[in-house]
Amino acid sequence: MPPQLVTEDLAVYWTGRPATTIRRWAAEGRLTRHGDRARRRNGVLYDLAELPEACRDPDTRELLEPGPTPPIIETASLLAA
């Protein structure tokens, strides 16, 4: 199945973290940046499967606890192929 790509603002809502944290995680190798300059102004999308889900109130959707920090993606297994 292809990755479900989301914009930065949707990644912010999903994780309950600020946009700067999402961009830092991508710079640290915790998230994969996907380019889409044809449809997006900044051309960056994130894979929803890599984003940790925040804990939210089921009725109000108020943030209870932000998602945990994801681990660094293993690049050695990708380079070995």
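Before going into details, it helps to say that this report is about the structure given with it. Keep in mind it's a predicted model, so treat the numbers as computed, not measured.

**Some thoughts on the overall build of the protein chain**
Link 1 in the chain: Each helix and strand in the protein chain was counted, giving three helices and five strands.
Link 2 in the chain: Evaluated residue by residue, the protein chain yields a buried proportion of 31% over its 81 residues.
Link 3 in the chain: Taking the intrachain contacts of the protein chain between residues at least 6 apart in sequence as the baseline, contacts between residues at least 24 apart amount to 50%.

**Focus: the packing of helix α1 (residues 8-15) against helix α2 (residues 19-28)**
Link 1 in the chain: Across the interface, α1 lies against α2 with an axial gap of 9 Å and an inter-helix angle of 100°. Judged by the angle between their axes, α1 and α2 are roughly perpendicular. Here Glu8, Ala11, Val12 and Thr15 of α1 lie close against α2, whose contacting residues are Ala19, Ile22, Arg23 and Trp25.
Link 2 in the chain: Looking at the contact of α1 with α2 residue by residue, the class counts come to five nonpolar, one polar and two charged.

**Quick notes on the pattern of salt bridges**
Link 1 in the chain: Counted by the stated rule, this structure contains three salt bridges.
Link 2 in the chain: Measuring nitrogen to oxygen at the nearest pair gives 3.2 Å for the salt bridge that ties Glu28 to Arg24. With Glu28 and Arg24 both in helix α2 and four residues apart, the pair spans about one turn of that helix.
Link 3 in the chain: Take Glu28: its relative accessible area is 34%, and that puts it in the partly exposed class.
Link 4 in the chain: Close ionic contact of Arg30 with Glu28 constitutes a salt bridge, the shortest N to O distance being 2.7 Å.
Link 5 in the chain: One salt-bridge network, held together by shared partners, links Arg24, Glu28 and Arg30.

**Some words on the nonpolar core**
Link 1 in the chain: One finds Val6, Ala11, Ile22, Trp25, Ala26, Leu31, Val44, Tyr46, Leu48 and Leu51 forming the largest nonpolar core, which totals 10 residues.
Link 2 in the chain: Of the residues forming this core, the biggest block, three residues, is contributed by α2.
Link 3 in the chain: If we skip the residues at most four places from it in the chain, Val44 touches Arg33 and His34.

The rules behind the values
Residues numbered from 1 in each chain as written. Predicted model: local features only at pLDDT ≥ 70, side-chain atom pairs only at ≥ 80, totals over all residues. Heavy atoms only, no water. Helix = DSSP H or I, 4+ residues; strand = E, 2+ residues; numbered from the N terminus. Buried < 20%, exposed > 50% of the residue type's maximum accessible area, 1.4 Å probe, protein only. Contact = heavy atoms within 4.5 Å. Axes fitted to C-alpha atoms, helices over the stretch in contact; angles between N-to-C directions. Parallel < 35°, antiparallel > 145°, perpendicular 65-115°, else oblique. Nonpolar A, V, L, I, M, F, W, Y, C, P; charged D, E, K, R; others polar. Salt bridge = Lys/Arg side-chain N within 4 Å of Asp/Glu carboxyl O. Core = buried A, V, L, I, M, F, W, Y, C linked by side-chain atoms within 4.5 Å.

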